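# An overview of the molecular structure
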Amino acid sequence: QAGGDVFSSFFGGFGFGFGGGHRQGQHETPRGADVLLEVLVTLEELYVGEFVEFLRAKPVYKETSGTRKCRCSSKMVTRQLGPGQFQMFPEEVCESCPNKRLVIEERTLEFEVEPGMSDGQQYRFNGEGEPHIDGDPGDFIVQIQTNKHLVYERRDHNLFTNISITLRDALTGFRMNLTHLDGHIVSIVKETVTAHGDIMTITNEGMPFYDHFTRRGNLLVTFEIEFPEKTFTPSESDSIVSLLGQNSQQAAYNGL
């Protein structure tokens, strides 16, 4: 080894500063904290995409009169206690920097809600987070969260909804129009008997894929039957039994 490296292998950790040892002052720039903001977006925005603006009240350090200690660090110094006696002590070493005061600056930030984005996805604004008096500001992070929708529920790339129909519709069929998230109409047509809990799958009417906007999931419609609340007369009951052509039958089973 070179002479400096020999000494540094023994004393480099104690700050003697021989060649090849750890050099003082090689530190990463300090950084302020990141700020995380959860933003509620609608299913409509996640379906078609949207640009969202919001006002950010950002704390910023500005120089003012006077000076202050800054960029302080601790180093080991050697002091002689007596003839042939030395001891190492930690000592704080600081620089002199201009004073700073904290002010609030308002600025408008904008981010894009892209079609198919999902809960938890983030958009990062570099340098828009909390400040650091002797370093760089952190980042401002927007995290997507879907607001509850009145008609649709999203699960991955699929959409789910429930449609209530009358007993008449369940037995004789029906036709209805369902307004989708972007306003286009989805036709629901049933020409056969619909049972309570039946599910209709409509392909390509779900959410777009985030990484492939032309691909879409499915729309799954669950039907619920509303039974009439009126009490039928014996004559009406006989007519219904005759029309249905079914025998009275019951069965218990585990449906869970």
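Residues numbered from 1 in each chain as written. Predicted model: local features only at pLDDT ≥ 70, side-chain atom pairs only at ≥ 80, totals over all residues. Heavy atoms only, no water.

Scored by pLDDT, the chain has a mean of 86; 89% of the residues are at 70 or more. For residues 1-25, every residue scores under 50 in pLDDT, and the model assigns this stretch 17 contacts once sequence neighbours within four places are set aside. (pLDDT = per-residue confidence, 0-100. Contact = heavy atoms within 4.5 Å.)

This paragraph deals with the pattern of salt bridges. Counted by the stated rule, this structure contains 14 salt bridges. The residue D34 makes a salt bridge to R124 at a minimum N-O spacing of 3.7 Å. Here D34 is found in the loop between α1 (3-11) and β1 (35-41), whereas its partner R124 is found in strand β4 (residues 122-125), with 90 residues between them in sequence. Relative accessible area serves as the criterion here: at 37%, D34 is assigned to the partly exposed category. Measuring nitrogen to oxygen at the nearest pair gives 3.0 Å for the salt bridge that ties R124 to D139. (Salt bridge = Lys/Arg side-chain N within 4 Å of Asp/Glu carboxyl O. Helix = DSSP H or I, 4+ residues; strand = E, 2+ residues; numbered from the N terminus. Buried < 20%, exposed > 50% of the residue type's maximum accessible area, 1.4 Å probe, protein only.)

What follows is about the state of the cysteines. When the sulfur atoms of two cysteines share a covalent bond, that bond is a disulfide. Per the stated rule, a full pass over the model turns up 2 disulfides. Note that C70 is cross-linked by a disulfide to C97, the S-S spacing being 1.7 Å. Residues C70 and C97 are joined through a disulfide that is right-handed, its torsion about the S-S bond being 55°. Taken together, the residues C70 in strand β2 (residues 50-82) and C97 in strand β3 (residues 85-113) connect sequence positions 27 residues apart. Judged by relative accessible area, which is 5%, C97 ranks as buried. Linked covalently through their sulfurs, C72 and C94 form a disulfide whose S-S length is 1.9 Å. Across the S-S bond linking C72 and C94, the dihedral sits near 115°, which makes this disulfide right-handed. (Disulfide = S-S within 2.5 Å.)

Let us now look at the nonpolar core. Grouped burial of nonpolar side chains is what soluble globular proteins tend to show. The biggest cluster of nonpolar side chains holds 33 residues, and the ones touching the most others in it are F111, I188, V221 and F223. Here this core takes 4 residues from strand β13 (residues 219-226), the largest share from any one element. Non-local contacts of F223, meaning those with residues more than four positions away in its chain, are made with I163, I165, F174, I188, K190, T194, A195, H196, G197, D198 and M200. (Core = buried A, V, L, I, M, F, W, Y, C linked by side-chain atoms within 4.5 Å.)

Turning to a nonpolar patch on the surface, a few remarks are in order. Residues L171, V193, F232, I240 and L244 make up a contiguous nonpolar surface patch of roughly 410 Å² in combined accessible area. In this structure I240 comes out as partly exposed when scored by relative accessible area, which is 33%. (Patch = residues over 30% accessible without salt bridge, like charges linked within 9 Å, V, L, I, M, F, W, Y side chains within 5 Å. Areas by Shrake-Rupley, 256 points an atom, 1.4 Å probe, with all protein chains shown as cover.)

This part covers the sheet that holds strand β10 (residues 199-202). Pairing is mixed in the open sheet, where 4 strands are placed in the order β6-β7-β13-β10. Only two strands of the sheet have a single neighbouring strand rather than two, namely β6 (153-155) and β10. Averaged over all pairs of adjacent strands, the angle between strand axes in this sheet comes to 30°, irrespective of strand direction. Sheet topology note: the β10/β13 ladder contains 4 bridges and is antiparallel. Across the sheet, M200 pairs through a bridge with V221, a residue of β13. (Pairing = 2+ DSSP bridges. Axes fitted to C-alpha atoms, helices over the stretch in contact; angles between N-to-C directions.)

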